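Understanding the architecture of this molecule
So you can see what is in the structure, the chains are spelled out below.
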Amino acid sequence: MNSSQYLILGYVVGAGVLWGYILSLALTHCRLNKHLRDHPEITHDPQAQ
Amino acid sequence: MRLKSCRLTAGFWAITLAMFMAGVVMVFAYTPVEKTMGPVQKVFYLHLPVAINTFLACVVVFVASVGYLWKRTQAWDDLALAACKTAVLLCSVVLLTGMIWGRSAWGAWWTWSPRLTFSLLLWLLYVVYLVIRPAIESPQRRALVSAVYGLVAFLDVPLVYLSVKLMPQDIHPASIALEPQMKTTLLFWFLPVTLLNIGLIALGYAVQRKRTLIEQSRGKRSVHDTSTPLAGDAA
């Protein structure tokens, strides 16, 4: 591999790791929101609050 | 209100993504090639801002750990955990981009130079933070151990920062002479990476708060909500 290919690899790996994690975190957030909507007793449980 | 919050969040991530892409365009189309190292030197524009933001995420872990030890509220522990996950992610990117840069510039993926070793140690310390948490059953004890560990782990941050200055024989460059266009690109890259860091900690915190709420609703109540101390807490 030459220097330019290492440069491209660096940005592909860096951006892939960062934005891949953000995407997975956003999906987890949506899944948790859905779970809380499906179980409204959780947010209205005074002990859990 | 909820719709407005969703739009703000979507707007924040759209701006961050647009700035990130603008930074990539600047790297490939605007910034000149450094003469000694060649094109691979441009990895530096991502590598350095991510490294500085790793330190910032570690500072948030430290502050949140102090906050938990002071106030003993679950929210501080949730913030420390979100920041720790972000620190591990950013440190992973620092190590990976550094290895790719090193392979091209030095001919080796890894060398045991002081800065690289302390950076790997930093990554390991915060990975251990994440690994030990599930092993502790009681949420209060888990938060307490994590907070103390978060303070101790932070001691490596100044070592990483000062390693090049204290050990001048380090192969890792302490500074690189930059042309004006290179400085502009480097300064610009701090914007999307810092926004990304803030967004990751905020989103991670929101996710963790919801997980805590669900966990508490399943019967694992916080010690601050109960009148009966847990076994071992008296000591």
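Note that this is a predicted model, so its numbers are computed, not measured. (Residues numbered from 1 in each chain as written. Chains lettered and ligands numbered in written order. Predicted model: local features only at pLDDT ≥ 70, side-chain atom pairs only at ≥ 80, totals over all residues. Heavy atoms only, no water.)

Side note on the nonpolar core
Formed by 39 residues in total, the largest nonpolar core has its most connected members in Leu-18 and Trp-19 of chain A together with Phe-20, Tyr-45 and Trp-189 of chain B. When residues of this core are traced back to their parent elements, those giving at least two are α1 (3-38) of chain A together with α1 (2-30), α2 (44-71), α3 (74-105) and α7 (180-217) of chain B. Discounting residues that sit within four places of it in the chain, Leu-18 of chain A has contacts with Phe-20, Leu-89, Leu-90, Val-93 and Leu-196 of chain B. Judged by nonpolar contacts, the second largest core, of 21 residues, contains Phe-55, Val-61, Ala-64 and Cys-91 of chain B. (Core = buried A, V, L, I, M, F, W, Y, C linked by side-chain atoms within 4.5 Å. Buried < 20%, exposed > 50% of the residue type's maximum accessible area, 1.4 Å probe, protein only. Helix = DSSP H or I, 4+ residues; strand = E, 2+ residues; numbered from the N terminus. Contact = heavy atoms within 4.5 Å.)

Section: the pattern of salt bridges
Residue and element names in this part refer to chain B. One pass over the structure, following the stated rule, counts 5 salt bridges over all chains. Arg-209 serves as the salt-bridge partner of Asp-78, at 2.5 Å between the closest nitrogen and oxygen. Here Arg-209 lies in helix α7 and Asp-78 lies in helix α3, a separation of 131 residues in the sequence. Across the salt bridge formed by Arg-142 and Glu-215, the nearest N and O atoms sit 3.3 Å from each other. Of this pair, Arg-142 sits in helix α5 (residues 139-153) while Glu-215 sits in helix α7, and the two are 73 residues apart along the sequence. Taking the relative accessible area as the measure of exposure, Arg-142 reaches 13% and is therefore buried. (Salt bridge = Lys/Arg side-chain N within 4 Å of Asp/Glu carboxyl O.)

Some points on the state of the cysteines
One covalent bond between the sulfur atoms of two cysteine residues makes up a disulfide. This structure, assessed with the given rule, holds 0 disulfides over all chains. The thiol of Cys-6 of chain B is not disulfide-bonded; the next cysteine sulfur, from Cys-30 of chain A, is found 8.6 Å away. With no disulfide partner, Cys-91 of chain B has as its closest neighbouring cysteine sulfur the one in Cys-58 of chain B, 7.1 Å distant. Given a relative accessible area of 4%, Cys-91 of chain B falls into the buried group. (Disulfide = S-S within 2.5 Å.)

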